[in-house]
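Each chain, written out:
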Amino acid sequence: MESLINTIHAVPLNHYILLSTIIFSIGVIGVLIRRNAIVIFMSVELMLNAVNLLLTAFSVYRGDASGQVFVFFIMALAAAEVAVGLAIIVMIYRNTNSIDINVLNRLKW
Amino acid sequence: MSTFYFIAFLSIFFSILVISAKNPVHSILYLVLTFFMFTIQYILLNAQFLAIVNFIVYMGAILVLFLYTLMLINLNKESEPIKPFMVKAAGVVGGGILIVALVASLKSMGVSNPVVLKDPGLGLVKNLGKVLFNEFLLPFEVSSILLLSAMVGAVLLATKDPKAA
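Small disclaimer: the values here were computed from a predicted structure and weren't measured.

Let us now look at the UniProt feature "transmembrane region" (unreviewed entry) in chain B. Residue and element names in this part refer to chain B. When the UniProt feature table is mapped onto this chain numbering, "transmembrane region" (unreviewed entry) sits at residues 6-21, 28-45, 51-73, 85-106 and 136-158. The distance from the first to the last C-alpha atom of residues 28-45 is 26 Å, and the span holds 94% helix and 0% strand. Structurally, residues 51-73 is divided into 96% helix and 0% strand, and its ends, taken at the C-alpha atoms, are 32 Å apart.

So, in structure tokens, the structure goes:
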């Protein structure tokens, strides 16, 4: 365990921020370029996870446990969001026989 | 140290595969791998409680939910939506500009101190439980109500018959 802990010693905080930034932006790109509603949901999960990693890194950096508690709450929130969101997607599929978000462009106005 | 960069590279690689895979099932399987890389990051940060919760909740519960829904709605080749190339290119360019802007704003920050574990017991269940049930007791209870209402809402939405409405 000690050797495992020592592996992070030389990683600057910048690199954690950089990693989270890149993964968050990949999530944003996924939301923009896909039309399958489930893949869009997965991109949102990717963004949530990038923020979780950043909160954990800050929490360890500052020696404060509050950040890790926030990550726990974000995970509970994500579980609730996925349950409701997927139920809505199933409803949309039953009504329109498709999960293409372009079918839903009536919501635009 | 090199472990971090290897895992970081793999998580970026798999997350790009998530958004570029044609088949949604492959997309979900790459998402499992991405979340596994995040679990390894938590272990490297000595946040053992979060590593276990990430493993159980994300890789166990949420991704099974995704896979179930995907199989429930029975997508086939004809119903797979095709997006025009211009819109895809516009999305990639927009996201790329977001990356460039964020990285450029980080550039001016300078190099920070390395992440050092001041308190090795910080992420253990014992320590987090003490914080969770002292300072964050009310948010914890509220989140249980949130989960209950989400469950009731999901059941209510998914069992409604569209023909009867």
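Alright, that's what it looks like, and here's the rest.
Let us now look at the interface of chain B and chain A. Counting residues at the interface gives 87 residues for chain B, matched by 76 residues for chain A. Between chain B and chain A, roughly 7,700 Å² of surface is buried when both sides are summed, and carbon and sulfur atoms account for 76% of that area. Broken down residue by residue, the surface that chain B buries against chain A is led by B:Ile19, B:Phe66 and B:Val115, which jointly contribute 10%. Applying the counting rule to chain B against chain A returns 5 residue pairs in polar contact (both at pLDDT 80 or more). If you list the elements that add at least two residues to the side of chain B that touches chain A, you get α1 (2-20), α2 (24-44), α3 (48-72), α4 (85-107), α5 (125-134) and α6 (137-158) of chain B. Taken together, the residues that form the side of chain B that touches chain A break down as 59 nonpolar, 21 polar and 7 charged.

Scanning all chains against the criterion turns up 13 aromatic pairs over all chains. Ring centres of B:Phe4 and B:Tyr5 lie 5.1 Å apart, and the angle between their planes is 80°; this geometry places the pair in the edge-to-face category. Exposure remark for B:Phe4: the relative accessible area of 3% places this residue in the buried category. Between the aromatic rings of B:Phe13 and B:Phe14, the centroid separation amounts to 5.6 Å while the plane-to-plane angle is 55°, which identifies the pairing as tilted. Through a chain of ring-to-ring contacts, the aromatic side chains of A:Phe70, A:Phe72, A:Phe73, B:Phe49, B:Phe133, B:Phe136 and B:Phe140 assemble into a single cluster.

Let us look at the UniProt feature "transmembrane region" (unreviewed entry) in chain A. As recorded in UniProt, the sites labelled "transmembrane region" (unreviewed entry) are residues 13-33, 40-61 and 67-93 of chain A. Taken end to end, residues 40-61 of chain A is 100% helix and 0% strand, and its two terminal C-alpha atoms sit 32 Å from one another.

All names here are of chain B. The grouping of Phe36, Ile52, Phe55 and Ile56 at the surface amounts to a nonpolar patch, some 380 Å² of accessible area in total. Top element by residues in the nonpolar patch is α3. It accounts for 3 residues. Along the chain, Phe36 falls in helix α2.

A few words on the packing of helix α3 (residues 37-62) of chain A against α3(B). It is the contact of α3(A) with α3(B), at a shortest axis distance of 12 Å, that shows an interaxial angle of 175°. As far as their axial angle goes, α3(B) and α3(A) are roughly antiparallel. In this structure, α3(A) contributes A:Ile38, A:Phe41, A:Met42, A:Glu45, A:Leu48, A:Asn49, A:Asn52 and A:Thr56 to the contact, and α3(B) contributes B:Leu50, B:Asn54, B:Tyr58, B:Ile62, B:Phe66, B:Thr69 and B:Leu70. Partitioning the contact of α3(A) with α3(B) into residue classes produces 9 nonpolar, 5 polar and 1 charged.

Rules behind the numbers
- Residues numbered from 1 in each chain as written.
- Chains lettered and ligands numbered in written order.
- Predicted model: local features only at pLDDT ≥ 70, side-chain atom pairs only at ≥ 80, totals over all residues.
- Heavy atoms only, no water.
- UniProt positions renumbered as here; feature names shortened; annotations may be inferred.
- Helix = DSSP H or I, 4+ residues; strand = E, 2+ residues; numbered from the N terminus.
- Contact = heavy atoms within 4.5 Å.
- Buried area = accessible area lost by both parts, 1.4 Å probe.
- Polar contact = N/O pair within 3.5 Å; in protein donor to acceptor, adjacent residues only side chain to side chain.
- Nonpolar A, V, L, I, M, F, W, Y, C, P; charged D, E, K, R; others polar.
- Phe/Tyr/Trp six-rings, centres within 6.5 Å; stacked < 30°, edge-to-face > 60°.
- Buried < 20%, exposed > 50% of the residue type's maximum accessible area, 1.4 Å probe, protein only.
- Patch = residues over 30% accessible without salt bridge, like charges linked within 9 Å, V, L, I, M, F, W, Y side chains within 5 Å.
- Areas by Shrake-Rupley, 256 points an atom, 1.4 Å probe, with all protein chains shown as cover.
- Salt bridge = Lys/Arg side-chain N within 4 Å of Asp/Glu carboxyl O.
- Axes fitted to C-alpha atoms, helices over the stretch in contact; angles between N-to-C directions.
- Parallel < 35°, antiparallel > 145°, perpendicular 65-115°, else oblique.

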